[in-house]
Amino acid sequence: MFSLDEVRDEILGALPAPVAALVPRAEAVGLALAEAIAADEPVPPFANTAMDGYALRAADTEGASDDTPVRLRMVGELAAGHAPTLPVGPGEAIRIMTGAPIPEGADAIVMVERTARDGDDAVLVRASAGVGDHVRGAGGDVAAGQEVFAAGTVLAPAHLGVLASLGVEQVRVFRRLRVGVMSTGDELREGPVALAPGQIRDSNRPMLLALVAEAGCLAVDLGIGHDDEAFVQRAIENAVATCDAVITSGGVSVGDYDVVKAVLDRMGALRWWQVAIKPAKPLAFARLRETPVFGLPGNPVSSHVSFELFARPALRKMMGHAACSRPTVDAVADAPLPRRPDGKTHFDRVRVRYEDGRYFVVRSGAQASNALAAMADADGLAILPDGDGCDTGDSLRVMLLR
Ligand code: AMP
Ligand code: MG
């Protein structure tokens, strides 16, 4: 058996480099910047008011209070989206709405709640203002010329908002990968069909397609492959010609019909390991025309865990992400997690609770490699080194899945 780290290191060392491309901003969410972004313009582009109220000269409001309001002449009104037409002179105020530019001459805003109208053309100000009160300066959020985001930043929705505020319509990012997903197995069916004896429904492909999408890639459905070497070989050849990476499930173990393993071997590119982990011991990997192919095991929990441990970090590395693996944290066992020594690291499916600064875990259900319901119920994978497992209160490491 090979250790998890040596297998993962070999895979991560055998991947094509990320490819940079200029993409429309809206398509860049979840992608890593291939170069830093500098601001060509300030945000906000002009000084404006943070409040609905009155633009005025702070000096005019000295000593103003509820009991001793100051009366100013109201010389105009200004809404967001309009340029000021009048300056504010001494003893004057302009009614102003949030987002409107600060008129010339004004140096402060008094919020409307601290004022009262006094007829059509005057306002009583009931609070004294300081210079700059409620004024958002030009460039206060982002200054012109400033580097806003460093190379490598993974763009989240708020980044897209900032880019839009700067007028950046396209960004150079590491391209989103097209990742093909294929199930293999003569027993597999899909859709609303009645199952004949010996048949099961294909659960891996919908799950892996969703995992691929969740990892930030474009998932390409390659359907179900029969347990037939010629069929699977054609399918893999087509897949590597059109995808940046290919993920298969099933057919990589030591059974008589383990066609994925046989086909990758025949295509001259097979790397195959028995990894010292449970679940997900067998793993096949190949690079065909530079395209990595991940042959994940067929048992659904094994497929999921194998994706998490090998495929996901690889796909994210190929997209230029610095953080490729899920976070792992220290946790405390809320209930025993017994296991037997078998030379493997176990990844038990657990529910994770966070309380008073600590994580606590319990198994989420049955731990068999086909027990997908417990995987679905899990928030994390408890990492149990070879040995007898954990008792209640023991500390352990947990990989957080969400
Ligand atoms: P294999 O790795 O092909 O030997 O499959 C191991 C086990 O996983 C068998 O019980 C298969 O029926 C099951 N299996 C394989 N592929 C799938 C799939 N796509 N969906 C659900 N179960 C599967
Ligand atoms: Mg099979």
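Bear in mind that the values here come from a model prediction, so they are computed numbers and not experimental data. (Residues numbered from 1 in each chain as written. Chains lettered and ligands numbered in written order. Predicted model: local features only at pLDDT ≥ 70, side-chain atom pairs only at ≥ 80, totals over all residues. Heavy atoms only, no water.)

A. Quick look at the overall build of the protein chain. Across its full length, the protein chain holds seven helices and 28 strands. Computed over its C-alpha atoms, the radius of gyration of the protein chain comes to 31 Å, more than 25% above the 21 Å expected for a compact globule of 402 residues. Summarising its shape, the C-alpha atoms of the protein chain cover approximately 95 × 50 × 45 Å along the three principal directions. Summarising the internal contacts of the protein chain: among those between residues at least 6 apart in sequence, 71% fall at separations of at least 24. Put simply, the protein chain shows about 18,500 Å² of open surface, and 51% of that area lies on carbon and sulfur atoms. (Helix = DSSP H or I, 4+ residues; strand = E, 2+ residues; numbered from the N terminus. Rg over C-alpha atoms; globule rule 2.2 N^0.38 Å. Contact = heavy atoms within 4.5 Å. Areas by Shrake-Rupley, 256 points an atom, 1.4 Å probe, with all protein chains shown as cover.)

B. Examining the sheet that holds strand E21 (residues 291-296) more closely. Sheet architecture is open: six strands sit in the order E16-E13-E17-E21-E20-E18, paired in mixed fashion. Only two strands of the sheet have a single partner each, and these edge strands are strand E16 (218-225) and strand E18 (271-274). For this sheet, the mean inter-axis angle between neighbouring strands, taken without regard to orientation, is 15 degrees. Along the sheet, helix H1 (residues 4-12) contacts E18, strand E20 (282-288) and E21; its crossing angle with E18, the most-contacted strand, is approximately 160 degrees. (Pairing = 2+ DSSP bridges. Axes fitted to C-alpha atoms, helices over the stretch in contact; angles between N-to-C directions.)

C. Looking closely at the packing of helix H4 (residues 229-242) against helix H5 (residues 259-266). Two elements in contact, H4 and H5, have axes whose closest approach is 9 Å; the angle formed by their N-to-C orientations is 65 degrees. Here the hand of the crossing between H4 and H5 comes out right-handed. In this structure, H4 contributes Glu-229, Ala-230, Val-232, Gln-233 and Ile-236 to the contact, and H5 contributes Val-259, Val-260, Ala-262, Val-263, Leu-264 and Arg-266. Taken together, the residues of the contact of H4 with H5 sort by class into eight nonpolar, one polar and two charged. (Left-handed = near helix turned anticlockwise from the far one by under 90°. Nonpolar A, V, L, I, M, F, W, Y, C, P; charged D, E, K, R; others polar.)

D. Main features of the domain arrangement of the protein chain. For the protein chain, the assigned domains read domain 1 (4-19 + 176-318), domain 2 (22-41 + 146-174), domain 3 (48-136) and domain 4 (328-400). Just the C-alpha atoms count here: the centres of domain 3 and domain 4 sit 61 Å apart. (Domains from an automatic or database assignment.)

E. Spatial organisation of the environment of Pro-327. As for its position among the elements, Pro-327 is in the loop between helix H6 (300-318) and strand E22 (328-333). A sequence separation of 53 residues divides Pro-327 from Gly-380, and the C-alpha atoms of the two residues are 9.9 Å apart. If near-sequence neighbours (up to four positions away) are discounted, Pro-327 is found in contact with Val-398, Met-399 and Leu-400.

F. Spatial organisation of the site of ligand 1. Taken together, the neighbourhood of ligand 1 is formed by 16 residues, with Glu-187, Asp-202, Ser-203, Gly-251 and Gly-298 sitting nearest. Within the side chain of Asn-204, a nitrogen or oxygen atom sits 3.4 Å from a nitrogen atom of ligand 1. The separation between an oxygen atom of ligand 1 and a polar main-chain atom of Gly-251 is 2.9 Å. In the complex, 75% of the free accessible area of ligand 1, which totals 480 Å², lies under the protein chains. The set of elements that each furnish at least two residues to the shell around ligand 1 consists of strand E13 (178-184) and strand E15 (200-201). (Near = heavy atom within 4 Å. Polar contact = N/O pair within 3.5 Å; in protein donor to acceptor, adjacent residues only side chain to side chain.)

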